Amino acid sequence: MLGKGVVGGGGGTKAPKPSFVSYVRPEEIHTNEKEVTEKEVTLHLLPGEQLLCEASTVLKYVQEDSCQRGIYGKLVCTDFKIAFLGDDDSALDNDETQFKNKVIGENDITLHCVDQIYGVFDEKKKTLFGQLKKYPEKLIIHCKDLRVFHFCLRYTKEEEVKRIVSGIIHHTQAPKLLKRLFLFSYAAAAQNHAATDPRNHTVMFDTLKDWCWELERTKGSVKYKAVSVNEGYKVCERLPAYFVVPTPLPEEDLSRFQGHGIPLWCWSCHNGCALLKMSALPKKEQDDGLSQMQKSFLDGIYKTIHRPPYEIVKTEDLSSNFLSLQDIQTAYSKFKQLFLIDNSTEFWDTDIKWFSLLESSSWLDIIRRCLKKAIEITECLEAQNVNVLLLEENASDLCCLVSSLVQVMMDPHCRTRIGFQSLVQKEWIMGGHSFLDRCNHLRQSDKEEVPVFLLFLDCVWQLVHQHPPAFDFTETYLTVLSDSLYIPIFSTFFFNSPHQKDNVGRESQDTQSKPLNLLTVWDWSVQFEPKAQMLLKNPLYVEKPKLDKGQRKGMRFKGPQGRGGCFSSWFSLFPASWTRTALSSGTAWPEHQRQLSLPLTQSKSSPKRGFFREETDHLIKNLLGKRISKLINSSDELHDNFREFYDSWHSKPTDYHGLLLPHIEGPEIKVWAQRYLRWIPEAQILGGGRAATVSKLLEMMEEVERLQEKIDARPHGQGALLAEAPLLLRGSARLSALFPFALLQRHPSKPVLPTSGWKALGDEEDLAKREDEFVDLGDV
Amino acid sequence: MWWGGRGQSFNIAPQKEEPEMGHSGPKCVQRTGMLEPRSRQLDGHVASGCLPGEQILAWAPGVRKGLEPELPGTLICTNLRVTFQPCGWQRSQETPLSSEYDFALVNIGRLEAVSGLSRVQLLHPGSPLKFIPEEILIHGRDFRLLRVAFEAGGLEPQAFQVTMAIVQARAQNSQVQQYAGIPLSKAGQSSGSRKPPVPLLETSEDWEAERKKQGARGWRVSTVNESLPRYFWVPKRTLDSEVRRAFGHFHQGRGPRLSWHHPGGSDLLRCGGFYTASDPNKEDIRAVESMLQAGHSDVVLVDTVDELPSLADVQLAHLRLRALCLPDSSAAEEKWLSALEGTRWLDYVRSCLRKASDISVLVTSRVRSVVLQERGDRDFNGLLSSLVQLLSVPEARTLLGFQSLVQREWVAAGHPFLTRLGVTGASEEAPVFLLFLDCVWQLLQQFPAEFEFSEFFLLALHDSARVPDTLTFLRDTPWERGKQGGQFNSYTQIYNPGYCQPPAGNSVNSQLSVWDWDLRYNSEQILQFHNPGYDPEHCPDSWLPRQQPSFMVPGPPSSVWLFSRGALTPLNQLCPWRDNPSLLAVSSRWLPRAAISSESLADQEWGLPSHWGACPLPPGLLLPGYLGPQIRLWRRCYLRGRPEVQKGLSAPTISGLQDELSHLQELLRKWTPRISPEDHSKKRDPNTILSQSR
C-alpha cells in the first residue's frame, strides 16, 4: 500500500491546493521502509553495467499536476543510467507495452540523455553543478529527449541524498574520458550476446566494396572512383578509410593538405551530375607562400573537375550566407524550452502565446532555410545539369545536413529504411560528423553542442509528414532514431570520426585480445521486439514497381531489399499484393483507377518522370548556353529559377518514386509533435489524432491482404489461408493521439479524493447552503 | 482525381471536365456538342443554366488563371452571381444547381482589376475604372479566388462591361434581398411528395420524431409559437399557458427550451436572457423556474458569452484571417505564425471548444442539467449546444445526425444567417456559423475515426452558406423563410411567365433546402462527403444509454449553480426578480468571479489524459484538445486562394484503400457467388449516405 502512497503538501513547489488530504505522513514512511523495499522492482543491469549509488524512499512526482501526487521508490544511478524503481509496472502488461524499449525503461534516463539538473531549495529552482554545499529537497531532471522528472528527496535519509545527488551530478555533468564511455564496458561484457542481424542490410560504407556498390547504384562509376589511399588513416584522420573522388584526381594531391581541398563525391544524379563536398583549406593569412600554394593547388583541382566529362561546377559555400552553428544552437535551446515543462501552470502560461513563442525560437525558420537550400541544390542538379560542390570548413556539419537532405529528396532509395540508414552511415558517420562533440556526450564543451543531426531528422520529418506514402519509415522511426542518439550501447553516434572509432577499438584490442564487437543502432532488434518494430514501418509505402532494372541490380549486391520476413503477414505481403493486383486482374482498373484514387504508383507514362527524365533533357541541353551566363548573374535570377522549379514541381502530381520536394510556405512547416509533445500529458487527445487514422489504415490493409489471399488461393483450390495477424493497435479501444509514446507514462493512480462527492452533492444540503462560498469542482 | 468542389475548392483538374460530363449519360447528347471556336455570341446553353429570375447582365470571353492548366471560357455576370463557364462546359442535368464555377454576388469580398502593372480595387459603382482590364481578380469571402484574364483582340469593351457590371450588381445586391431560392420542380424534381433529405423541423411530426429519438420522455412538443421556431420542446408537465407566461419574461420571448436530452437523465436547455424590465408576478416566476428547472433538482446556468468572443471579435478575426490568407498576403513566411496568432481566430476556436468540452462533461459525466443562456439566444447558444452534442452523442457525428443538428440548432432556432454572414450588409455581420464549422473541423482533425462525414462535407457546407439557390442560410428566421417560400411563386412569375406554380400548400416541402446535395454535387463528389476513416465501431449501436432516473416532483430547486471558468458557483436563485424586483442588471446578481482555473472540467474529473486509460470515459464522449499545438488552421478551406499550398495535401490514402477493398470484394463475389459478401466496407452509394433513415 505504501509502495505508491500519496503524499500531499510536501515538495518544493507551491502547493496551490491547500485542501489536499495527506494520507501518509513522513514518519509513517520511515517505519514502513522495509515494506517499501520489498515491493520494489529489481534493477535490471545490462552486461557490464555497474551500480554506483542509490537512494530509497524517493518520491517521483507524477509530472503533470501541482497536487504533488507521486510514487515511492528507489532512485539509482549506474554508470549507464539513472533509474527510478517504483512498482508501477503493474499496469503496463497489456497492449502498449509492446512498444517498450528493451534497453531503456520508462523511468530510465541514460547519463547522456540528461540535459539539465535543477535542485529546489526552499521553493527556489537552481541549476545544479559542481560541488554542492547544500542538498536540494527536490531534484528536477530535464532530459534531451524532453522528458522532465521530478524527484522529491524530502523523505530520503540525508547521507543517501548526498550520495545520490552528487553521484548524479558527477556522472552526468563532469567531463569524461572517451574510454570511460559505457559503450566499451558494455561491448567487453556483452561479447557473446552480440550477433549481427542477418536481416540488417544497411550499407556501412566501411569497406571499399560498399563505396563501389554505391557508385554502381547511382551510375557514378564512370567519372568517379573509390580510393583506398586513406587505409589505416595514413592521409587524414578526419576522413573515412575509403572514399570517392573524381577519377582523374592524382593520388598525391589527396595527401597534400590532409584531405582539405579535395572534392569528395557524395552522390550522382540520374543525369550524371554529382553532388560533391569539400572541406575548405585551412586559412593562414600571414603566410603568403602557403596561401599561394593553396591557391595554385585549388586551381589545379578546379581545372580537373571543370574539364569534360565533368559538368560545370557550382560552388555552394555553406560557411557563409547560410546558417551558422551558433544560430542552430540558440534556436534549439529556445525551442526546447517550449516543451520542457515543469508544471501545468507553466504550460498554460506559455500556451496562450504558443504561436509567437514558437516563431520567436525561429527553429521552424531554420528548418525552412535548410529545406530551401536543399531545394536550390536539387534544382541545380536536376534542372540545370551542373555539379554542386558543397564547401564548409570541415565538411562535417551543414555539408552532411544539406547533402543528405538533397539525397532524400532526389533518390527514392534513400526513402526506404535501409537506404536511409545507409545514407546516414555514408554522410554522417563516414562523413565525420562529430557526434561526440555535437551531442556533448563527454561533457567537454557546451559550446560545441549543436543539434545538427536532430535538425536533419526534423527536416526529414517535414518531408515524411507532407508526403507519407513516399517513405518506407514512419515518424515513429525518426523519433526513436533521435532517442537512440543518447543510448551509449550503440557505437554509431558515439564517435567523432571513423578514425576515432577504429583507433579506440584498436587500443582496447591490445589489452583484451578479442576485437570489440560494437553494436550498431541499425540493429533495431536490440531495442525493440519485432512487433514493436512494425510501428517503424510505413504500411502505406509501396515499393517501386520492378520496371527499372538498373535500380534493382544494385540491390542484388546486398541481397533483396530486406522486407524482414519476421513481421506479421499483412505487413510483409502487402506491397507484393499490391503489385499482384495490378498484374493479375489485368483489366483497366489497377493502373488507371488507382491513379485516380491513390497516386501511389504512377504508371510509366507519368508526366513527372517524363518531365524530369527524357523530355526536358534535350530542352535543358538547349538551355545550356544560357545557363552558364545565369550562374554568373545576380541572385535574383537564381531566385527566379528556384521559384519556377519549385512551382512547376508542385503543380504536377507527385511521383512518390521520383523527385520529392517539400512545401516550404509558412503554414507548411510544422512542429514535430510526436517527438516534442509526447511527454506533455495535456497535449494528448484520447481516441484521436494520427493514431486513430493509422489504426484504421492498418485494419483496412489487413482486410485487403486477407481478401487478396483468398483470391490468390482460389484458383489453386486451396482453402483460404486466414492469417491471424497480431495487430498492435487492435483491441485497445481508444489510443492517445501521441501513441505509441503517450501511453508509456500511464500511471495507475487513482483519484485522490472520492469522486462520488459531486453526485451526492445534491443531497448534501449544508454544502449547497453555503452560498457565498466558492466551491471548486475539483475539490468537492 | 480530387473532386472539384466549388470553383477552386480542391485540386480540381479542369481538363477532366470533359469526360466527367459523360457521367450524365445519355443526357449529354442534348447539349450542343460542337465546340465552336470561341463564339462571339453567347451560347444558348450558357443562358439555359440560369436560375429562375436570373438575368445575364454582361459577359466576356476570358481565360481562368492561377490554377493549372489555364482554362478558356466565358465570364458571365448575372443579377445573382458571377460565373465562369469553361468552354464546352454545361451544368449537368442531374446536378442542375452545381456551382463549381460560381461566385454568388454576396460572396464577392474584393474585386481587383489589373492592367499591366496597375492594379485597382473596385468597390463602389461610382469608382471609376480608367483602363481596360486585362485581368480581373475576384476574392471570395469563402476564401476562394477567381482570376480571369480577358482576351485581347477587339473584345476589350466586353471586358470593361463585364467588370463594371459586376461592380454594379454587387452594389445593388447588397441592398436588396433578392434571393428567393428556387422551387424544387424547377430543379428538375417532381414537386410531389418528396421527402426532404433531412428533417427540416417545420412540422410538429418532425419535432415529435426527434424527441422520441432522443428518448426525452419528460418533454413534449409545444406549439405556442412566438418568435421561436414554430415548434419546440417544453417539459411535459408544463401547460401551454405557463409556457406563454414564462416566455414573456425572456428577451425576445425566447424562453428555456430543450436542446438535447442525455440518456443519463440530464438535459441541455437553451434560452435567451431574462427580460429584466418586466415585472413578473409570483406565478410567472414559478413558471419560469419550473421551466428552467425542468424537473431536475439542480440546475447549472451557463452564461454563454462568458469567455467567448463577442460578435464583433469574431467578425474582426474573420476579416483578419481573410486578409492573411490572401494569395498576396504581406505576411512573410517566417512571420506567418505570429500573423496567424494575431488574427485571434484560432484563439476563438479554442475557447469555443474548451467551453463546449466543459459543458459536455457536466451534462454527460456529472449528469447535470445545463441551461445555456445568451441574451439573444441565436448565436453562441447554437454553437455551444451543437458542439456539446457533437462531443457527447455519437449519432450527431453521422452525416444525417449532423445535418439535422444544424437544421435544429441553427436553422430552426433562428440563427440570423443573413445578417451574420453579411448578406444584408448590416453592421451585425459575424460569421458565427463559420466559426462553428471550424470548430467541427478541429474535432474532425482530432478524431478522424469518429465522424461519418468528411472535411469535404464541411467545406461544401461552408460554401453553401452564401449560394443563392436555397433559402436555408439566406434568411434570418424560420418565419421569414416560410414567408418567402409562400411569396416566392409570384416572384418567379415576373421573370418566367410560362412557369407552372406548384400546388399551394405544398410550398413548405417544395422549397429546396441546402441538404439537397444531389442537386448541386454529382455522385462522385457526394461520395467524398463520407469519411473513409469512420470507424463503424463508434456508430450509435454500440452506445448504450444508461437508465433514466425518475423525474423529480417540481418544487423549488434545491441547488442552482453558475458555471463559469471551470468552476461552479452556487446561486441564490434562478431568476433575477424574486427578492428584489428592482434588480435590473442581470449579471450583478452573480457572485464575484473566481480566478481562472487552468484546469478544465475534464482534468478535474479524470485527471490528465494520461490517466484516462485507468478510468474510462463515458462511452461516446469525446474530449477535444484545445491547446496551442492542437488547434490547426483549416488550410483546405482558408488557403484555397493560394493554390501552391493546396497542391499535394496529404493523399486520400484511406479512401484509396477502401477502393481497393471494395474492388477485391467485388472480385471475390464475382468469382465465388456463394461466399457471402463481406460487409466490412460500407456501401458507398451516395443515396445511402445521404438518405434519411426515418
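Labelled according to an unreviewed UniProt entry, chain B appears under the name Myotubularin-related protein 11, originating from Lynx pardinus. Of the comments in the UniProt record for chain B, the one headed Sequence similarities (unreviewed entry) reads "Belongs to the protein-tyrosine phosphatase family. Non-receptor class myotubularin subfamily."

With an unreviewed UniProt entry as reference, chain A is termed Myotubularin-related protein 12, source organism Lynx pardinus. The Sequence similarities (unreviewed entry) comment attached to chain A in UniProt states, word for word, "Belongs to the protein-tyrosine phosphatase family. Non-receptor class myotubularin subfamily." What the UniProt record of chain A gives under Function (unreviewed entry) is the line "Acts as an adapter for the myotubularin-related phosphatases. Regulates phosphatase MTM1 protein stability and possibly its intracellular location. By stabilizing MTM1 protein levels, required for skeletal muscle maintenance but not for myogenesis."

Trainee: I'd like to hear about the sheet that holds strand 16 (residues 567–570) of chain B, residue by residue, with values.
Mentor: Residue and element names in this part refer to chain B. Within the open sheet, the six strands sit side by side as 11-12-14-13-15-16. Their pairing is mixed. With one partner strand each, in any of the chains shown, strand 11 (257–261) and strand 16 form the two edges of the open sheet. Within this sheet the neighbouring strands show an average axis-to-axis angle of 30 degrees, counted without direction. Relative to strand 15 (residues 559–564), strand 13 (residues 298–303) is paired through five bridges, and the arrangement is parallel. Among the inter-strand pairings, leucine 301 is bridged to a residue of strand 15, identified as leucine 562. Against the sheet, helix 6 (residues 282–293) makes contact with strand 12 (267–271), strand 13 and strand 14 (369–373), and its axis sits at roughly 135 degrees relative to strand 12, the strand it touches most.

Trainee: So what's going on with the environment of A:Val480? Which residues, and what values?
Mentor: Residue and element names in this part refer to chain A. For valine 480, the location among the structural elements is in helix 16 (residues 475–484). Classification of valine 480 as buried rests on a relative accessible area of 3%. Counting along the chain gives 194 residues from valine 480 to glutamine 674, while the straight-line C-alpha distance between them is 10 Å.

Trainee: Outline the pattern of salt bridges, supporting the account with residue identities and numerical values.
Mentor: Following the criterion strictly, the structure yields 45 salt bridges over all chains and no others. The residue A:Asp411 makes a salt bridge to A:Arg217 at a minimum N-O spacing of 2.6 Å. Taken together, the residues span a long stretch of sequence, with A:Asp411 in the loop between helix 12 (398–410) and helix 13 (417–429) and A:Arg217 in helix 5 (residues 208–217) at a distance of 194 residues. Across this residue pair, the class does not change: A:Asp411 and A:Arg217 are buried. Close ionic contact of A:Asp472 with A:Lys537 constitutes a salt bridge, the shortest N to O distance being 3.4 Å. Of this pair, A:Asp472 sits in the loop between helix 15 (452–466) and helix 16 while A:Lys537 sits in the loop between helix 18 (530–533) and helix 19 (549–557); the two residues are 65 residues apart in sequence, bridging distant segments of the chain. Among the residues examined, A:Asp472 registers a relative accessible area of 5% and is labelled buried. Ionic contacts of the salt-bridge type, sharing partners, join the residues B:Glu210, B:Arg254, B:Arg257, B:Arg270, B:Asp377, B:Arg408 and B:Glu409 into one network.

Trainee: So what about the pairing of strand 11 of chain B? Which residues, and what values?
Mentor: Where a strand is regular, its side chains alternate between the two sheet faces. Residue and element names in this part refer to chain B. Most of strand 11 is tucked away: five of the five residues are buried. As defined by bridge partners, strand 11 adjoins strand 12 across four bridges and the pair is classed as antiparallel. From the neighbouring strand, tryptophan 260 faces strand 12, where its bridge partner is leucine 268. Taking the residues between adjacent antiparallel strands as the criterion, strand 11 and strand 12 are bridged by five residues, where glycine 265 takes a positive phi near 120 degrees.

Trainee: Break down the domain arrangement of chain A for me, citing the residues and quoting the values.
Mentor: Residue and element names in this part refer to chain A. In terms of domains, chain A is made up of domain 1 (51–174), domain 2 (208–535) and domain 3 (673–705). If you average the C-alpha positions of domain 2 and of domain 3, the two centres end up 31 Å apart. Listed as interface residues are 18 residues of domain 2 and, on the opposing side, nine residues of domain 3. Summing both sides of the interface, domain 2 and domain 3 together bury roughly 1,300 Å²; the carbon and sulfur share of this comes to 52%. Linking domain 2 with domain 3 are two salt bridges. Note that arginine 678 and aspartate 483 form a salt bridge whose closest N and O atoms lie 2.8 Å from each other. Put simply, domain 2 and domain 3 have six residue pairs in polar contact (both at pLDDT 80 or more) between them.

Trainee: Please provide a residue-by-residue account of the packing of aromatic side chains, values included.
Mentor: With the rule as written, the count across this model stands at 57 aromatic pairs over all chains. Following the ring pairs from residue to residue traces out a cluster consisting of A:Phe420, A:Trp428, A:Phe435, A:Phe453, A:Phe456, A:Phe471, A:Phe473, A:Tyr477, A:Phe493, A:Trp522, A:Trp524 and A:Phe528. When the ring centre of A:Tyr118 is taken as origin, the NZ or CZ atom of A:Lys125, which lies over that ring, is 4.4 Å away. The ring of B:Phe103 has B:Arg144 lying over it, and the distance from NZ or CZ to the ring centre is 4.3 Å.

Trainee: Requested: an account of the confidence of the model for chain A, with residues and values cited.
Mentor: Caution applies to low-pLDDT parts of the model: their predicted coordinates are not meant to be read in detail. All names here are of chain A. Counting all residues, the mean pLDDT for chain A is 72, and 67% of those residues have values of 70 or more. Here residues 547–634 is a poorly scored stretch, pLDDT under 50, and it has 153 contacts once near neighbours within four places are set aside; other chains count. Confidence drops under a pLDDT of 50 for residues 742–780, and excluding neighbours within four residues, the segment shows 82 contacts in the predicted structure.

Trainee: Before we move on, could you go through the side chain of B:Ser386 and cite the residues and values that matter?
Mentor: Residues and elements named next belong to chain B. With respect to the secondary-structure elements, serine 386 resides in helix 10 (residues 380–392). By relative accessible area, which is 0% here, serine 386 ends up buried. In this structure the side chain of serine 386 is engaged in a polar contact, spanning 2.3 Å, whose partner is the backbone oxygen of glycine 382. Once residues within four sequence positions are removed from consideration, serine 386 is found in contact with Leu405, Glu409, Trp410 and Phe436.

Trainee: Help me get a handle on unusual backbone geometry, residues and values and all.
Mentor: Even without a glycine there, the phi angle at A:Lys219 is positive, about 55 degrees. Relative to the helices and strands, A:Lys219 is located in the loop between helix 5 and strand 9 (224–227). Using a relative accessible area of 58% as the deciding quantity, one classes A:Lys219 as exposed. A positive phi is found at B:Phe143, a non-glycine position, where the angle reads about 75 degrees. With respect to the element layout, B:Phe143 can be found in the loop between strand 7 (135–140) and strand 8 (145–150). The exposure class assigned to B:Phe143 is buried, which follows from its relative accessible area of 5%.

Trainee: Pulling in residues and values, what's your account of the pairing of strand 1 (residues 56–65) of chain B?
Mentor: All names here are of chain B. Of all the ten residues making up strand 1, seven are buried; the element is thus mostly covered by neighbouring parts of the structure. In terms of strand pairing, strand 1 meets strand 2 (residues 71–78) through eight bridges, oriented antiparallel. Pairing of isoleucine 56 across the sheet is with threonine 78, part of strand 2.

Each value, and the rule that gives it
Residues numbered from 1 in each chain as written. Chains lettered and ligands numbered in written order. Predicted model: local features only at pLDDT ≥ 70, side-chain atom pairs only at ≥ 80, totals over all residues. Heavy atoms only, no water. UniProt positions renumbered as here; feature names shortened; annotations may be inferred. Pairing = 2+ DSSP bridges. Helix = DSSP H or I, 4+ residues; strand = E, 2+ residues; numbered from the N terminus. Axes fitted to C-alpha atoms, helices over the stretch in contact; angles between N-to-C directions. Contact = heavy atoms within 4.5 Å. Buried < 20%, exposed > 50% of the residue type's maximum accessible area, 1.4 Å probe, protein only. Salt bridge = Lys/Arg side-chain N within 4 Å of Asp/Glu carboxyl O. Domains from an automatic or database assignment. Buried area = accessible area lost by both parts, 1.4 Å probe. Polar contact = N/O pair within 3.5 Å; in protein donor to acceptor, adjacent residues only side chain to side chain. Phe/Tyr/Trp six-rings, centres within 6.5 Å; stacked < 30°, edge-to-face > 60°. Lys NZ or Arg CZ within 6 Å of the ring centre and 35° of its normal. pLDDT = per-residue confidence, 0-100.

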